[in-house]
Amino acid sequence: MKKIREWAIFSLFPRHCAACDRLIAGDRTFCDECLDNLPRIEGEICASCGRGKKECACKGKANYYDSLAAPFYFEGQLRKGLHRFKFRNAISNSKAYAAEMAVTIAERFAGIEFDYITEVPMRKSALRERGYNQCALLAKEISQITGIPYKKGILKKIYDTEKQHGLNSYFRRGNLTGVFDSDSPEEIKDKVILLCDDISTSAETLNECSKMLWLYGAKEIYCICAALTKKRGDN
Ligand SMILES: [Zn+2]
Ligand SMILES: [Zn+2]
């Protein structure tokens, strides 16, 4: 009976690989082929940009956050999966990415007592249009897995910016200054905060968000992303 019920549930809610999208059985998140080929960030890793030492171009540049980590590079089949998650409503993929991000947090941020995890915000109009903030979905899932409390909407995005990609880094920086703010500075002061993003290209969005947290007196700021472009600024 249990088997039948499981099969019925599986049939109603078929699972797809969170990278290549093919149908997979049971409680798995990636198909075998993708699992063997996930573009993991491994080996010696730069704490400042989150990339492997070979890919690091930041030379340990100072940021408003203390450290950044991600399980993957934004490449191959995973890149397609993340695109579906971000733009095409593949919300169930969040569980697969969050599970990997939780492992990365345990490995790279071991021993840090986070007060809470929160998300990189979206502009209200953009949120209405898309219907969900993919960074908030990831943050909530990570909270469930790790037990780190989740706080929604600590930061807000005040106004829209030109699309980040397509602008060079000089304009990107200028484009983000003062874009973010907070309605709850009392929730930020003296706190150890984990900031959640989906895909980071140059970490300038994360750095601008962190700047607001820093200005409101955050004690320590850490960033977790699902994936980073292999080269800084590479789309
Ligand atoms: Zn796959
Ligand atoms: Zn680096």
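Computed from a prediction, not measured in an experiment: that's the story for all the values here. (Residues numbered from 1 in each chain as written. Chains lettered and ligands numbered in written order. Predicted model: local features only at pLDDT ≥ 70, side-chain atom pairs only at ≥ 80, totals over all residues.)

1. Things to note about the pairing of strand E9 (residues 220-228)
Where we set the bar: Neighbour counting defines burial: a residue surrounded by 20 or more other C-beta atoms within 10 Å of its own C-beta is buried, one with 12 or fewer is exposed, and intermediate counts give partly exposed, using backbone-placed C-beta atoms. Under the DSSP-based scheme used, a helix requires at least four consecutive residues in state H or I and a strand at least two consecutive residues in state E, with every element numbered from the N terminus. Any two strands with at least two DSSP bridges between them are considered paired.
Of all nine residues in E9, eight are buried, a share of seventy percent or more. Where strand E3 (residues 67-69) lies against E9, three bridges are found, and the strand directions are parallel. What sits directly across from Leu 68, in E9, is Cys 223. Here eight bridges tie strand E8 (residues 192-200) to E9, and the two strands are oriented parallel to one another. Considered in E9, the bridge of Ile 199 is made with Ala 227.

2. Regarding the confidence of the model for the protein chain
As a reminder, the rule being used: As a per-residue measure, pLDDT tells how confident the predictor is, with possible values from 0 to 100. C-beta atoms are placed from the backbone for every residue, and two residues are taken to be in contact when these atoms lie within 7 Å.
Looking at the protein chain as a whole, the pLDDT averages 87, with 85% of positions reaching at least 70. Below pLDDT 50 for its whole length, residues 7-11 participates in zero contacts with residues either more than four positions away or in separate chains.

3. Let's talk about the environment of Lys 211
Within the fold, Lys 211 resides in helix H8 (residues 204-215). With 18 C-beta atoms packed within 10 Å, Lys 211 lands in the partly exposed category. Separated by 148 residues in sequence, Lys 211 and Asn 63 place their C-alpha atoms 8.4 Å apart.

4. Some points on helix H4 (residues 93-108)
We count it as follows: Given a helix with a known number of residues, its expected span is that number minus one, times 1.5 Å.
For H4, built from 16 residues, the straight-helix expectation of 22 Å at 1.5 Å per residue is met to within 8% by its first-to-last C-alpha distance of 23 Å. Along H4, the residues that are buried comprise Asn 93, Ser 94, Ala 96, Tyr 97, Ala 98, Glu 100, Met 101, Ala 102, Thr 104 and Ile 105. Along its buried surface, H4 packs onto E3, helix H3 (76-87), helix H6 (134-146) and E9.

5. What about the nonpolar core?
Note the following rule: Put simply, a nonpolar core is buried Ala, Val, Leu, Ile, Met, Phe, Trp, Tyr and Cys residues tied into one set by C-beta atoms within 7 Å. For each domain, the first and last residues come from an automatic or database assignment.
Core analysis: the biggest nonpolar cluster contains 59 residues, and Leu 138, Cys 196, Ile 224, Ala 226 and Ala 227 have the highest contact counts within it. In terms of residue count, E9 provides more of this core than any other element does, eight residues in total. The residues that make up this core include at least three from each of domain 1 (1-37) and domain 2 (39-228). Residues contacting Ala 227, with those up to four places away along its chain left out, are Ala 70, Phe 72, Tyr 73, Phe 74, Leu 78, Leu 82 and Ile 199.

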